[in-house]
Structure formats: structure tokens, C-alpha cells
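Here's the letter readout for the chains.
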Amino acid sequence: MKDALAGRVVEVLENCLAGRKRPVVLHEPRFTGNEWQYVKECIDTGWVSSAGRFVDQFEVKLAELTGVKQAVAVVNGTAALHICLMLAGVLPGDEVLVPTLTFVATANAVSYCSALPHFVDSDQDTLGVTPAKLNDYLEEISSSDGSECINRYTGQPIRALVVTHTFGHPADLDALADVCSRHSIALIEDAAEALGSLYKERHVGNWGVLSAISFNGNKIVTAGGGGAVLTNNVQLGNLAKHLTTTAKTAHRWAFSHDAIGYNYRLPNLNAALVLAQLEYLEELVERKRELADRYRQAFAGMDGLRFFKEPEFARSNYWLNALVLDESRMDELNHVLEATNAAGFHTRPSWKLMHRLPMFTACPHMDLSVSESLSERIVNLPSSAFL
Ligand SMILES: *Cc1c(COP(=O)(O)O)cnc(C)c1O
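Okay, so let's go over this structure. All of these numbers come straight from a predicted model, not from anything done at the bench.

Scoring rules and cut-offs
Residues numbered from 1 in each chain as written. Predicted model: local features only at pLDDT ≥ 70, side-chain atom pairs only at ≥ 80, totals over all residues. Heavy atoms only, no water. Axes fitted to C-alpha atoms, helices over the stretch in contact; angles between N-to-C directions. Helix = DSSP H or I, 4+ residues; strand = E, 2+ residues; numbered from the N terminus. Parallel < 35°, antiparallel > 145°, perpendicular 65-115°, else oblique. Left-handed = near helix turned anticlockwise from the far one by under 90°. Contact = heavy atoms within 4.5 Å. Core = buried A, V, L, I, M, F, W, Y, C linked by side-chain atoms within 4.5 Å. Buried < 20%, exposed > 50% of the residue type's maximum accessible area, 1.4 Å probe, protein only. Phe/Tyr/Trp six-rings, centres within 6.5 Å; stacked < 30°, edge-to-face > 60°. Arc of directions from axis to C-beta. Nonpolar A, V, L, I, M, F, W, Y, C, P; charged D, E, K, R; others polar. Pairing = 2+ DSSP bridges. Right-handed = clockwise from strand over helix to strand, strands pointing away. Polar contact = N/O pair within 3.5 Å; in protein donor to acceptor, adjacent residues only side chain to side chain. Near = heavy atom within 4 Å.

We now examine the packing of helix 4 (residues 77-87) against helix 5 (residues 104-112). Packing of helix 4 against helix 5 brings their axes to within 9 Å, and their N-to-C directions diverge by 45 degrees. Relative to helix 5, the element helix 4 lies oblique. Helix-helix and strand crossings are classified by hand; for helix 4 and helix 5 the assignment is right-handed. In this structure, helix 4 uses Thr-78, Leu-81, His-82 and Leu-85 to contact helix 5, whose residues at the interface are Ala-105, Thr-106, Ala-109, Val-110 and Tyr-112.

Set out below in C-alpha cells:
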């Protein structure tokens, strides 16, 4: 009985991924454009490091693709989140609302600001923060004077909300922006996984005062390692550029700095690699959506689980495809993971929830029952664009 579900999942994967070389890993890049030419140009010209034309071109191209006024290239997505939080005004001692269902970098970045993550719940249908539940919670625990939201139990300001677009699926941004403005909280998007995803036909990253993208090796496009800060506020965009480049003041030769800055620059070599992929991002999104469609059809009607489908308001990049087991099948999660991995399909569970990690167990949190249930039921499937 228990192995029946696992066996059926293996069978479907064998059909969907017939002929693919095993093991079929969770996500891997493949380079089919101008990557060699651009990277070679860096080496031939000597412009391999922190300045060069590819960094500038990458920023322009990324802003164009996402529709934001400014994109600032940085060394990774975690650094991008750190800068987003700083520039959104997060101060030491502040609380920042973060989903417990996210990658650890979202919460770590809050700690880098000497602020405290305050964990919130996510939704079954979006895997993103639940707006109504968050609003009810804030009404209960906080008071706002129209400029600041104060946690009535701790006395600390709740400065920002970071929403993660989980597995590339957009959270309900309009509703979340509404909750934030009602409570005087800054909205930041952790769009690390969501390059190419649209919310109501507009690219994610346009709702947060600042947003973060990642170009790590496992994301839809990769710089090897890399990230970017997106914003529609040019003043904040310029500050982001300044702070991530050691806050150096412009001068032909003098080394002077006007703030404690960071060396968060993206090297030209990495920008060259990722720029080449941005040129065919739309094709990658199309291919990933086709794979998702194949999975969706193949798993349709299988009882005991559902294939996670993009929310109605979204056109998702389907960065990672996911199955969600029924609550009654929770205890079969490990069987499914074991059987699929044994068959050469690298499936993975979702992240261990943030409020259960040792460094965050003492952080404040709301009722997290939906996330707690989801985390025992999610199975990510191999999702590379060329599958
Ligand atoms: C990948 C990822 C990050 C961090 O990006 P890095 O480039 O690896 O630092 C942050 N948040 C989420 C949700 C991610 O998936």
C-alpha cells in the first residue's frame, strides 16, 4: 500500500523523462548561446574582474526584461537581499516578516542587518505568504501610527515584509502590497527563483520597494554565482550601486569612500556568462512551462497527490516543479523520495522550515500550520529547461 504511491510516481517519471540520461538531476544549466564568445572576450581583453562592458550591459538587459527602472548586479542573491533590506530602512533591533517556508538566505539576510526575522505562514495555492492571514495577525499584534508598525508585544518596529516567490511561482503581490501599505511596512520581494515569472502580466520585482534576484548555478539562468537588486526608485538604485561597490566616491585616481560599503560587485566574467543566457530567457521559460505541462498531464487524476500548478494570476517560470502529497499521504513522503532517487530521478523535499533551524528557534512567529503541513508533503521534481 505504502509503496504503491511511490511506485506510481516512479512510473510517471519514467514516462515523462523517457530516454534522459540517469541520474536526472534536479536542475542543471546548459549553455546554447553566446556564452563562449562573451567569456572569451573577457579573457582576451583582460577585463575579467569588477569592471567591464558586460556588467553594464547585463544591468541594462535585466532592467529591460523585468521592466524595472534600475537593476544593480551583485555577487549573489543573498548579498542582493542584504542590500534590499538595508535600503528599505531595516535597522538593528527591527523585526522583519519572513515566510518560514523559504530558503535560509531570506532569513540570514535579516540577521546581517542585526534585525530579527519574524516568521509568517504561506498559502496552499501560491506557496507564498498568505495576505489575509497576515493582515489578521498584524491587526492583532501590532499598532501603526501611519508611519511605523510596532509589535505591541516586543515594542519593536516591524519594518519590512520579504515575500518569496517559491519555486518561481509569484506570491499574491497586489494583496500583499495592500497589507503592507495598510500597516506601514516596506515590501521586499525575494524573487531569487522567479526570473521570467509574471504576476498579472507584469514581471515580478515591480511590487517591492526593492527586489532580489539570484543567478546561482541552480537558477533558471546562472552567472556561476551572481545576483541583482531591482528597483523602480532610481535614488535607491544609485545607492545600491554605491554601497555594493565599496561606497567609493567618483574620482579619476583618488581612493575615497563616504560610507561603510560592501565589496558585492559581480565580476565581468560572471556578467558575460549570464548576459548570454538572458538573450534566450524567453525560450528557457517556454521550455520549462512545456515540461510543467507534461508533468501536469501525466500526474492528472493520480490520487494521493496533486501537481502544483501556477496560481491563476501568474505566468510562472516553473523554476522547480513540485508535487504536493495529500495530507492523508504525508507519511509516504520518504517512500516517494527514496523510490524516485533509487530509480535515478533526483527529487528533493522542500526546505526545513526556518523557525525549526537552531539559530531561528527563538524568533517570533505566527501560527505556521499551513507551512508545517506543506513542508511534510512537497516533492520537487527534475526541472532543467532542456528536459
Ligand atoms: C537561491 C536563493 C537565494 C540566494 O541566492 P544566492 O545567489 O544563492 O545567494 C535566496 N532566496 C531564495 C528563495 C533562493 O532560492
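That was the structure; now back to the text.
Within soluble globular proteins, side chains that are nonpolar tend to cluster in buried spots. Ranked by internal contacts, the top residues of the largest apolar core, which has 105 residues, are Leu-161 and Phe-215. Setting aside anything within four residues of it in sequence, one finds Leu-161 in contact with Leu-97, Val-129, Leu-134, Leu-176, Cys-180, Ile-185, Ala-186, Leu-187 and Ile-188. By size, the runner-up hydrophobic cluster in this structure holds 27 residues, among which are Ala-6, Tyr-295, Phe-307 and Leu-325.

Using the criterion set out here, one finds ten aromatic pairs in the structure. A centroid spacing of 5.9 Å and a plane angle of 70 degrees characterise the contact between Phe-119 and Phe-360, whose relative ring orientation is edge-to-face. Taken together, the residues span a long stretch of sequence, with Phe-119 in strand 3 (residues 116-120) and Phe-360 in the loop between strand 15 (348-349) and helix 12 (369-374) at a distance of 241 residues. Its relative accessible area of 0% is what places Phe-119 among the buried residues.

Here we come to helix 11 (residues 333-342). The set of residues buried in helix 11 consists of Leu-333, Val-336, Leu-337 and Thr-340. End-on, the buried residues of helix 11 take up no more than an arc of 95 degrees, which puts them together on one face. Of the exposed residues in helix 11, the ones pointing more than 90 degrees away from its buried face are Asn-334, Glu-338 and Ala-342.

In this section: the packing of helix 3 (residues 53-66) against helix 9 (residues 268-278). With their axes 8 Å apart at the nearest point, helix 3 and helix 9 run at an angle of 35 degrees to one another. The chirality of how helix 3 crosses helix 9 is left-handed. Side by side, helix 3 and helix 9 meet where Arg-53, Phe-54, Val-55, Gln-57, Phe-58, Lys-61, Leu-62 and Leu-65 of the first sit next to Asn-268, Ala-271, Ala-272, Val-274, Leu-275 and Leu-278 of the second. The residue inventory of the contact of helix 3 with helix 9, partitioned by class, reads ten nonpolar, two polar and two charged.

Our next topic: the pairing of strand 1 (residues 70-74). Extensive coverage of strand 1 is indicated by the burial of five of its five residues. Going residue by residue along strand 1, you find Gln-70, Val-72 and Val-74 tucked away on one face and Ala-71 and Ala-73 tucked away on the opposite face as well. The pairing of strand 1 with strand 11 (residues 227-231) spans five bridges and is classified as antiparallel. Within strand 11, the position partnered with Val-74 by the bridge is Gly-227.

Okay, the environment of Ala-362 next. Within the element layout of this structure, Ala-362 appears in the loop between strand 15 and helix 12. The exposure class assigned to Ala-362 is exposed, which follows from its relative accessible area of 77%. Taking C-alpha positions, Ala-362 is 28 Å from Ser-181, a pair spaced 181 residues apart along the chain.

Time to look at the sheet that holds strand 15. Spatially, four strands are ordered 12-14-16-15 in an open sheet, and the strand pairing comes out antiparallel. At either margin of the open sheet sits one strand with a lone partner, and together these are strand 12 (305-307) and strand 15. The sheet contact formed by strand 12 and strand 14 (residues 321-325) spans three bridges and is antiparallel. In the strand pairing of strand 14, Phe-307 is matched with Leu-323. Packing of helix 10 (residues 281-299) onto the sheet brings it into contact with strand 12, strand 14 and strand 16 (378-381), and relative to strand 12 it is tilted by some 155 degrees. Those strands touched by helix 11 are strand 14, strand 15 and strand 16, and its axis lies near 15 degrees from that of strand 16.

Counting buried residues along strand 7 (residues 186-190), five of its five residues qualify, which places the element largely inside the surrounding structure. Both faces of strand 7 are covered, namely the face carrying Ala-186, Ile-188 and Asp-190 and the face carrying Leu-187 and Glu-189. Each parallel crossover has a hand, and for strand 6 (residues 158-164) linked through helix 7 (residues 173-182) to strand 7 it is right-handed. Examined bridge by bridge, strand 7 and strand 10 (residues 210-214) share three bridges and lie parallel to one another. Paired with Asp-190 across the two strands is Ala-212, which belongs to strand 10.

Every α-helix carries 3.6 residues per turn, so stepping three or four residues along brings you back to the same face. Counting buried positions along helix 4 gives nine out of eleven residues, so the element sits mostly inside the fold. For helix 4, the N-terminal cap is Asn-76; the gap from its side-chain oxygen to the backbone nitrogen of Thr-78 is 3.1 Å. A positive backbone phi angle near 95 degrees is found at Gly-89, which sits one or two residues after helix 4.

The next thing to look at is the site of the ligand. Neighbouring the ligand are 15 residues; Gly-77, Thr-78, Glu-193, Ser-214 and Lys-219 lie closest to it. A distance of 2.7 Å separates an oxygen atom of the ligand from a polar atom in the backbone of Gly-77. A distance of 2.8 Å separates a nitrogen atom of the ligand from a polar atom in the side chain of Asp-190. A per-element tally of the shell around the ligand places helix 4 first, with three residues. Residues belonging to the shell around the ligand are distributed by class as follows: four nonpolar, eight polar and three charged.

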